[in-house]
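Spelled out, the chains give:
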Amino acid sequence: MPPDIAIGLETLAELDDEPARRNPAAAALQRLLHHRLFLTGLVLFAIIVLLAVFAPVIAPAPPDKIDMSASFAPPSWARPFGTDNFGRSLLSRVVYGAQLSMLIGAAVVAINAVFGTLIGALAGYFRRIDNMVMRVNDALMAFPAILLAIAVTAVLGPSITDVIIALGIVYTPRTARIVRSSVIVLREMEYVQAAVAAGAGHWRILRQHILPNAMAPLIVQLSFLFAYAVLTEATLSFLGVGAVPPTPTWGNIMAEGRQYMTDAPWIIAIPGAALAITVLGLNMLGDGLRDVLDPRLRLQE
Amino acid sequence: MIGATLSRIAGAIPILILVSLITFGLIHMIPGDPAAVIAGLSATPDQIAHIRHDLGLDEPLLSQMYHWYDNLFHGNLGTSLLLGDPVLQVVGVRLPVTIGLSAYALVITLVLGLASGVLAALRQNTWVDQAAMVFAMFGISVPNFYLGLLMILLFAVELGWLPTGGYVAFTDDPIGWLTTMTLPAISLALLLTGLLARITRSTMLEVLRQDYIRTARAKGLPRHKVVVKHALANALIPIVTVIGIIVSLLMSGAVVTETLFSLPGIGQLLTQAVLNRDYPMVQGAMLIVTALMVGVNIAVDILYAFLDPRVRYDAA
């Protein structure tokens, strides 16, 4: 680009008062900071993240410390969330459970961000592999999510890593599909055609011109995905096919507490509430992101 | 119409082939020796060899695959290691429980979801709209097994109105079926009701903005007629497409709901099969349920084409 044109564009940008023109990301952030739903969701999610990060500080005792003399203590000032059948502090177990939920959620989101984007971008951009990749994708999506997750953990094993892999296998096709549908539209845009005509390579076109514009729906998807991953992991461990005790997860604390629920309802009520708050926070956050980043997506669920 | 239907069915064939391949491959994903894993830690080498032979795992992979498809086309999905009965037979006994539960939950979802969605759209930005959307947000956020547990505590344990679990066949005792299925169906329906209410609201808002709605009102049609005949009829078209997703979510939800309420359906069967490493059962149940899901999706697509004559089928 000749220098005089470049200067001209810069001057134009400076003349423009609307910040959106200069920096769309900053403008989106501005709108998010005024979005009540997003902010409420962010606060709820942040509470859980803080519980997870500061678990060692918050927990009054190690989560597996047994104290039979204190079993089934109801919530009180001395024992904020009460204790379970082994007298273990429920507060300790719930905050360490939060740690695991956040870890698994973040890992599944990371797997999806990498592989979902890669698979979706390649399928959407290279028509020759599109059909084949999407058929495999459709087949994986044909299995109801929990069923596939259960089956994969059944063959891999119940460790945390295996649960993460299982959830990655279940959800990556869904993410890939979303990325692919954006890429297919973007590939036909005139500015992309112009880049092709200017001799840009595939890699450069994908990375510079297509993927940055496919990010908005992906970010929205990933925030909901975090919620699904946390929820599905809790369901798996509630069913006894996820991470096994004594590792505390919200799901297996509730499964253990189930047989005592008439006498000690707090054992299921508190981890369940933590789980519901996490999912609620992430759903609100995702709704807010969708409103701001991609209003066209509002119709889809 | 017939051509479109046939091409939609043909399009499902590659998916079904891949689904059966993935199901076949499941057992081979087991790290190490699947036969040893299935036999358990205390098994003798003899027992392991026996299981390996029974499952055909001692044959070459291609011949195993041949047998898998050969049996599949003859309606033979193997024998449950735990129960000793043919997988197909066991699934056949359990399936009506799951279908009954899902149908009950689907009815609740459609009634509550459509009603609250339409109402929220008609009263946009009023307290009715806000209450409906808060309800929907809680619906999609509260895990169904948590809601189920809380409902058991309240309605079964505290108030004693409904049983905590158990199952009575509809054909034996319809009233008994209704009392045992109500709590499970509500806990299963909540998520989907929330989902459907949100979709219905946004679709209705979109439709209500259209010119032909204004025209219908302007020519003097009463409001309720416009809402039902003009708005809802058109809003239903995009809503039908999510019914396929809803049915798939119902199946996922049924797995945990059945376990929670001790209902002897497919979900409970599958969970038990996984915990007992009954892999033929896992494979068979997965395959049948997923094939059913594919079938439901085809039916939904055909219904969609039927409702919306504008839909044209490409070769897809």
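Residues numbered from 1 in each chain as written. Chains lettered and ligands numbered in written order. Predicted model: local features only at pLDDT ≥ 70, side-chain atom pairs only at ≥ 80, totals over all residues.

Here we look at the overall build of chain B
Of regular secondary structure, chain B possesses 12 helices and zero strands. Beginning at the N terminus, the succession of helices and strands in chain B can be written as α-α-α-α-α-α-α-α-α-α-α-α. Partitioning the contacts of chain B with sequence separation of at least 6, the portion at a separation of at least 24 is 70%. (Helix = DSSP H or I, 4+ residues; strand = E, 2+ residues; numbered from the N terminus. Contact = placed C-beta atoms within 7 Å.)

Some remarks on the overall build of chain A
Within chain A, the regular secondary structure consists of 13 helices and zero strands. Sequence-ordered secondary structure for chain A, helices as α and strands as β, is α-α-α-α-α-α-α-α-α-α-α-α-α. Taking the principal axes of the C-alpha coordinates as reference, chain A spans close to 80 × 45 × 30 Å. Across the 301 residues in chain A, those meeting the buried criterion constitute 47%. Contacts in chain A between residues at least 24 apart in sequence constitute 69% of all its contacts with a sequence separation of at least 6. (Buried ≥ 20, exposed ≤ 12 C-beta atoms within 10 Å, placed from the backbone.)

Some points on the interface of chain A and chain B
Facing the 36 residues of chain A at the interface are 40 residues of chain B. When contributions to the side of chain A that touches chain B are tallied by element, the ones reaching two or more residues are helix 7 (127-142), helix 8 (145-156), helix 11 (202-239) and helix 13 (266-293) of chain A. Here the element with the most residues in the side of chain A that touches chain B is helix 8 of chain A; it accounts for eight residues. Of the residues in the side of chain A that touches chain B, the class split is 26 nonpolar, five polar and five charged. (Nonpolar A, V, L, I, M, F, W, Y, C, P; charged D, E, K, R; others polar.)

Section: the packing of helix 7 of chain A against helix 9 (residues 160-187) of chain A
All names here are of chain A. Packing of helix 7 against helix 9 leaves a shortest axis separation of 9 Å and a crossing angle of 135 degrees. With respect to their mutual orientation, helix 7 and helix 9 come out oblique. At the point where helix 7 passes helix 9, the crossing takes the left-handed sense. Where helix 7 abuts helix 9, its residues Asn 137, Leu 140 and Met 141 lie against Pro 173, Arg 174, Ala 176 and Arg 177. Per-class residue counts for the contact of helix 7 with helix 9 are four nonpolar, one polar and two charged. (Axes fitted to C-alpha atoms, helices over the stretch in contact; angles between N-to-C directions. Parallel < 35°, antiparallel > 145°, perpendicular 65-115°, else oblique. Left-handed = near helix turned anticlockwise from the far one by under 90°.)

Observations regarding the nonpolar core
A general trend in soluble globular proteins is that nonpolar side chains are found buried together. Grouped together as the largest cluster of nonpolar side chains are 170 residues, with contacts concentrated most on A:Leu147, A:Ala149, A:Ile150, A:Ala229, B:Leu270, B:Val282 and B:Ala285. Among the elements that take part in this core, helix 11 of chain A stands out by supplying 19 residues, more than any other. Among all residues touching A:Ala149, those that are not within four sequence positions of it are A:Ala166, A:Leu167, A:Val170, A:Thr232 and A:Leu236. (Core = buried A, V, L, I, M, F, W, Y, C linked by C-beta atoms within 7 Å.)

Remarks on the environment of B:Ile140
Looking at where B:Ile140 falls in the secondary structure, it is placed in helix 6 (residues 127-141). Taking C-alpha positions, B:Ile140 is 5.4 Å from B:Gly194, a pair spaced 54 residues apart along the chain. Not counting the four nearest positions on each side in its chain, B:Ile140 is found in contact with A:Asn283, B:Leu191, B:Gly194 and B:Leu195.

So, the confidence of the model for chain B
All names here are of chain B. Per-residue confidence for chain B gives a mean pLDDT of 84; residues scoring 70 or more make up 97%. Element-level mean pLDDT values for chain B span from 76 in helix 2 (residues 34-39) up to 92 in helix 5 (residues 87-122). Scoring the predicted complex yields pTM 0.86 and, for the interface, ipTM 0.84. (pLDDT = per-residue confidence, 0-100.)

Considerations on the packing of helix 7 of chain A against helix 1 (residues 2-26) of chain B
Between helix 7 of chain A and helix 1 of chain B, whose axes approach to 9 Å, the crossing angle comes to 65 degrees. The pairing of helix 7 of chain A with helix 1 of chain B is recorded here as roughly perpendicular in orientation. Helix 1 of chain B is crossed by helix 7 of chain A, and the crossing has right-handed handedness. Listed contacts from helix 1 of chain B to A:Arg135, A:Val136, A:Asp138, A:Ala139 and A:Ala142 of helix 7 of chain A are B:Pro14, B:Ile15, B:Leu18, B:Val19 and B:Ile22.

Examining unusual backbone geometry
All names here are of chain B. A positive phi is found at Asn 125, a non-glycine position, where the angle reads about 65 degrees. Of note, Asn 125 is situated in the loop between helix 5 and helix 6. Of note, Ser 262 is a non-glycine position whose phi angle comes to about 45 degrees, a positive value. Structurally, Ser 262 is set in the loop between helix 10 (223-260) and helix 11 (266-275). Note on Ser 262: 14 C-beta atoms within 10 Å, which makes it partly exposed.

Remarks on helix 9 (residues 211-218) of chain B
With zero of its eight residues buried, helix 9 of chain B lies for the most part at the surface. A positive backbone phi angle near 100 degrees is found at B:Gly220, which sits one or two residues after helix 9 of chain B.

Here we look at the environment of A:Ala25
Looking at the element boundaries, A:Ala25 is found in helix 3 (residues 24-32). Assessed through the 9 C-beta atoms surrounding it within 10 Å, A:Ala25 is described here as exposed.

Describing the confidence of the model for chain A
All names here are of chain A. Across chain A, pLDDT averages 84, with 90% of residues at or above 70. Per-residue pLDDT stays below 50 along residues 1-17; that stretch engages in five contacts with residues further than four places along the chain or on separate chains. Counted against residues more than four places away or in other chains, residues 297-301, with its pLDDT under 50, gives 12 contacts.

Some remarks on the environment of A:Arg31
All names here are of chain A. As for its placement among the helices and strands, Arg 31 is situated in helix 3. Judged by the 14 C-beta atoms lying within 10 Å of it, Arg 31 falls in the partly exposed class. With 10 residues separating them along the chain, Arg 31 and Gly 41 place their C-alpha atoms 15 Å apart.

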